[in-house]
Amino acid sequence: MNIALTQTDFAALSPLLILLGGALLALLVESFGGTSTKKSLSYIVLAVIGIALLAAIYAPSSNNTLLTPWIRFDSLAKLFTIFFLAIGLGSSLLAIAFFQRFQATHGEYYFLLLSSVIGLILIGTAADFLTLFIGIETLSIALYVLCGYMKDWKLSNEAAMKYFFIGAIAAAFLLYGIALIYGAIGTTRFDLLMKAYQTLPDEASKALFYGGIALITLGLAFKAAIVPFHAWAPDVYDGAPTPVTAFMAVGTKVGAFAALSVIFLVFLPHFDVRWNEAIAWLAYPTLIYANYVALREYQLRRFFAYSGISHAGFLLIPLAAGGPEALPALLFYLVIYSIATLGSFAVLAFIDTRSEGVMMQDLRGLFRRSPFFASVLALCLLTLAGIPPTPGFFAKFYVFKLAFQTGYYGLVVVGLLTTILSAFYYLRFVAVMFSDATENATVWPRSWPTITLGLASLIAIVFLSFYPSPLMNLLAVFGTG
Amino acid sequence: MPNLILLFAVPLASAVLLFFWPRGAGVNAKRIAAILSLLPLIILLYHHSEWIGTQVDYDWLPAISMRFHLSVDYLSLIFLYLTAVIIPISILSIRSDKISHPNVLCGLILMLQAFLVGFFTVRDLAVFVIFWEAMLIPLYFVINIWGGPNRQQAALKFIIYMIAGSALMVAAVLGLYFVSSTSGPGTFNLDLLAKVAESSPYAPWLFAIFLLAFAVKTPLFPFHAWLPDAYCQAPTAGTILLAGILSKAGIYGILRINMELFPTLMQLWGPVLLGFAIAGVLYGAFVAWMQTDYKRLIAYSSLSHINFVLVGLFVLSQTAHAGAILQAVNHGITITALFLVAGWLEERLGSTVMQQGGGLAKYMPQLCWLTVFFVLSSVALPGTNNFIGELMILYGLFGENPWLTALLGTSIILSVVYMLLWLRNVYFETPKPFNPTFIDIKARELLIALPLVLLVLWIGIYPAPVLKLVEPASEKPTAVANLEYPQ
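Residue positions are given per chain, counting from 1 as you read along its sequence in written order. Each chain gets a letter, beginning with A, and each ligand a number, beginning with 1, in the order they are written. Totals for whole chains, interfaces and linings use all residues, but because this is a predicted model, local features are given only for residues with pLDDT of at least 70 and pairs of side-chain atoms are given and counted only at 80 or more.

Section: the overall build of chain B
A helix here means a DSSP run of H or I that spans at least four residues, while a strand means a run of E at least two residues long, and both kinds are numbered starting from the N terminus. Helices and strands together make up the secondary structure of chain B, namely 20 helices and 2 strands. With the radius of gyration taken over C-alpha atoms, the globule rule is written as 2.2 Å times the number of residues to the power 0.38. Taken over C-alpha atoms, the radius of gyration comes to 22 Å for chain B, in line with the 23 Å a tight globule of 487 residues would show. C-alpha atoms of chain B, sized along the principal axes, occupy 75 × 60 × 40 Å. A total of 487 residues make up chain B; the buried ones form 59% of that total. Three classes are used. A residue is buried when 20 or more other C-beta atoms lie within 10 Å of its own, exposed when 12 or fewer do, and partly exposed in between, with C-beta atoms placed from the backbone.

Right, here's the structure in full:
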């Protein structure tokens, strides 16, 4: 039996290894590098993520028995790796923009950012509950620190503490759930879950299994900020620095749904209809509550917390529906949501000059002051609102079609009615942007990272508006595993 | 065979071009836009006799079974022509030296033109919804950026009403999709859906959802609450688009979806809807009479006239349907003309309050007589376009209920009353002291209005060529209805 790792295995793991190397390099540069090296650190980080992205695209898959019980190398894992690296790339652009405005050390930031991307990739490629848990903890611990990264911002410290406590509780739930599942079926491997569940001998072990599933779902629901487990999100998003908020809004959300979809759509599809019912019942309050509360939010980081929660409600619909189309629909929605959210945050990072973040009145007259950023934000918000012909509409349509097919008519109707509210609160920001500029408007310095990210999402949205089918086909191919 | 995709792609490409037009060349941007906006009309006229039956059909989004399927029939062609005429006039009404970013405004209008071409030809119900909602975006920005003092509230109110009205349309579309999937592969094709739509147990609900969306946009009384603000706050170009074409999109929707897919339900609900429409005609007329602001007066007169068109749709008579389609075109022409001359008046008077005017005919005789001409068209003077259309609707209604016809007929008298009130207050009576802004319209403005004048007279005096298009367009829905209920 060959148990040594070959070159192919290292190549298969290369995205993770490159990121790890890059993260350590960032720490070293911060500790020992001169001023000029430190200045170029952001470019090094971009290059590292870029190389990892290329490595992820061309990485072979490994079938070494040392790795396969822990990490999957299927097409879905590859897709998630690429997706998370792209999010990492966007977030580091935002971080560069942030450091152009605010004084703080860079090295630790990039180390933590790259670590959390490693955590995300582990979540997406996990083949075992333990790998999943390690991924989630790597992501979370890095994020706890990132949240309080600006040490002298009072709000940030509070947010970091809050996030840490809630996160620790969620992790405890998750771990307890994993333990119960292990107790019921004697393994934590994903690929053995379904079979072990079907051959459970008695009611007692079934109860154990259900208990475990419930606790895992609950733990992930905390991470995904689903009502009623969302209470941390607005405060934490509000307190964290803008690029961290962006990373949480996109990275954590996608990570949590990646975990949910891998477990419940790929390895445990339709194992018990009660689980699907429960998810549907979570979707109702999530949709209604988040959309209602977002109506009264004027601070944009906080607003995006509620916007993210409401999108989590839509993302629950394919999970509840299940079936072969659920994964492509979920992935498409996640991609569109990420593009639009990152694009919006590019604009926020451009405007952001204070620790309190961007308020609604800061957007006043944005169109006259910077037509480019106003167009990016308007387009991103229209996409998030799901107004055709933006790709946000296709994403919602796909999800609703799925819900209709599986008979969740109530979810379709509630989802559609909440889009009226969401149209109102997204467009309210658009309206402010196109009003006249205030007299004493601050002049924002040019910032290439935000322009790059804004342009990238603008192009992506315009392209996907007219021609979404390549992406849909791609996701359908990848989504089949 | 003419290429239908060209008709859709040309305005879209023009819009993109205009968005990236270099700043500082404002006047040029508008001229370029005006020329580009005429291209669809030229394409339409060039292939005039070959359009019927033209189609394109691409597999657009196989994952959710959407097809990019456009096809032209008589009904589509009429509204395509209307779009092709109104859009250039809307662009020409822009004063590019007075506003910021005229290139973006023109680009948005051209984008709307592309969406309208798509909307009036699409045969895939899901893509129909996309075009239907997509139209809102350019209009929202037109009102929001270039409108009057309360433009932001008006724009938000407009788009929220629209989205609320059509929010459930996606559910109805999916409902129809799964009705069709019970007998074969699911489809959004309108022709196939027409065969199965009414077999759904939820057919009345689906019908109501679609009708609500169209009723809000048209707007059918009592769904008009957004109208006065949006019409009055929008810039002249935007008001022309709202009144001239957007309301027609609602009418087209009723003809295309409610009548073709649910003919028996349409027949069943017709009398109730007729009541709303007649109430709307009279309500609009009375409220217009009460106005002291002439832009609001025209806005309410538009409400009144558009409900007149709806009366024609809700009567089960082919003459009335033909009249309604013709009257939709006429309303598009006349209301565009009225808002155009009102816009010019507003530029000169600096206000839309009627009391600010008085005796302006003395200083601006040409604008005055042009306005009088379009007012006469609006009050359906014999020899103008509206006379033919309203007569056909009244004739159709007479076959059903003579008393209602008499009631509806009074609206024509009312329209004379409020329109002449406007003319008297602003142009006649004792002249105001001269103001240097009272410059009469010149050749440029007359040239913009000329096509509208010619259309008014052409349809009014020799309507046969237009009726040749309108009659086959009105045949289809009525024929289906008669099939269901042989009399």
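Considering the interface of chain B and chain A
Distance between backbone-placed C-beta atoms decides contact: two residues are in contact if it is within 7 Å. Taken together, the contact between chain B and chain A spans 25 residues of the former and 31 residues of the latter. The element that contributes the greatest number of residues to the side of chain B that touches chain A is helix α7 (residues 151-166) of chain B, accounting for 7 residues. Three residue categories are used. Nonpolar comprises Ala, Val, Leu, Ile, Met, Phe, Trp, Tyr, Cys and Pro, charged comprises Asp, Glu, Lys and Arg, and polar comprises the others, including Gly. A per-class count over the side of chain B that touches chain A returns 22 nonpolar, 2 polar and 1 charged.

A look at the pairing of strand β1 (residues 55-61) of chain B
Residue and element names in this part refer to chain B. The pairing of β1 with strand β2 (residues 66-71) spans 6 bridges and is antiparallel. Within β2, the residue paired with Asp-57 across the bridge is His-69. Between β1 and β2, which pair antiparallel in sequence order, lie 4 residues; one of them, Ser-65, sits at a positive phi of approximately 55 degrees. We call two strands paired when DSSP finds no fewer than two bridges between them.

Considerations on unusual backbone geometry
Only a minority of non-glycine residues have a phi that is not negative, and only a minority of peptide bonds are not trans. All names here are of chain A. In this model, Val-227 is joined to Pro-228 through a cis peptide bond whose omega is 10 degrees. Mapped onto the elements of the fold, Pro-228 is located in the loop between α9 (203-224) and α10 (232-239). A cis amide bond links Pro-388 to the next residue, Pro-389, at an omega of 5 degrees. The phi angle at Ala-225 is positive, at roughly 55 degrees, despite the residue not being glycine. Among the structural elements, Ala-225 can be located in the loop between α9 and α10. For Ala-225, a count of 27 C-beta atoms within 10 Å corresponds to the buried category. Non-glycine residue His-270 carries a positive phi angle of around 50 degrees. Considering the arrangement of structural elements, one finds His-270 in the loop between α11 (242-267) and α12 (273-294).

Observations concerning the nonpolar core
Core analysis: the biggest nonpolar cluster contains 390 residues, and Ile-317, Phe-332 and Tyr-333 of chain A together with Met-135, Val-142 and Val-311 of chain B have the highest contact counts within it. It is helix α14 (residues 326-351) of chain A that provides the largest number of residues to this core, a total of 21 residues. Apart from residues lying up to four places away in sequence, Val-142 of chain B is in contact with Leu-105, Leu-108, Ala-234, Pro-235, Ala-237, Gly-238 and Leu-241 of chain B. Think of a nonpolar core as buried Ala, Val, Leu, Ile, Met, Phe, Trp, Tyr and Cys residues, each tied to the set through C-beta atoms within 7 Å.

What to know about the environment of Tyr-197 of chain A
Residue and element names in this part refer to chain A. Looking at the element boundaries, Tyr-197 is found in helix α8 (residues 193-198). Looking at Tyr-197, the number of C-beta atoms within 10 Å reads 20, which means it is buried. Taking the C-alpha atoms as reference points, Tyr-197 and Phe-271, 74 residues apart in sequence, are found 8.3 Å from one another. Setting aside chain neighbours within four positions, we find Tyr-197 in contact with Ile-185, Phe-209 and Phe-271.

Notes on helix α1 (residues 4-19) of chain B
Here the expected length of a helix is defined as 1.5 Å per residue gap, with one fewer gap than residues. Between its terminal C-alpha atoms α1 of chain B stretches 24 Å, which fits the 22 Å expected from 16 residues at 1.5 Å a residue. Those residues of α1 of chain B that fall on the buried side of the exposure criterion are Leu-4, Leu-7, Phe-8, Val-10, Pro-11, Ser-14, Ala-15 and Leu-18 of chain B.

Section: the packing of helix α15 (residues 318-349) of chain B against helix α16 (residues 365-378) of chain B
Residues and elements named next belong to chain B. Orientation is described by lines fitted to C-alpha atoms, with helices fitted over the stretch in contact, and by angles between N-to-C directions that extend from 0 to 180 degrees. Relative orientation of the contacting elements α15 and α16 amounts to 150 degrees, with a least axis distance of 9 Å. In terms of their interaxial angle, α15 and α16 are classed as roughly antiparallel. As for the relative orientation of α15 and α16, their crossing is left-handed in sense. Within the contact between the two elements, α15 uses Thr-334, Ala-337, Leu-338, Val-341, Trp-344 and Leu-345 and α16 uses Leu-367, Leu-370, Thr-371, Phe-374, Ser-377 and Ser-378. Looking at side-chain class alone, the contact of α15 with α16 contains 8 nonpolar, 4 polar and no charged residues. Here the angle decides the label: under 35 degrees means roughly parallel, over 145 means roughly antiparallel, 65 to 115 means roughly perpendicular, and every other value means oblique. Handedness of a crossing follows from how the near helix is turned relative to the far one, being left-handed for an anticlockwise turn of less than a right angle and right-handed for a clockwise one.

Focus on the environment of Ile-254 of chain B
All names here are of chain B. Along the chain, Ile-254 turns up in helix α12 (residues 236-261). Through-space distance from the C-alpha of Ile-254 to that of Leu-212 is 9.8 Å; in sequence the pair is 42 residues apart. What Ile-254 contacts, discounting residues up to four positions off in sequence, is Phe-214, Met-259 and Leu-313.

The quantities given are spatial measurements derived from coordinates; they are silent on function.
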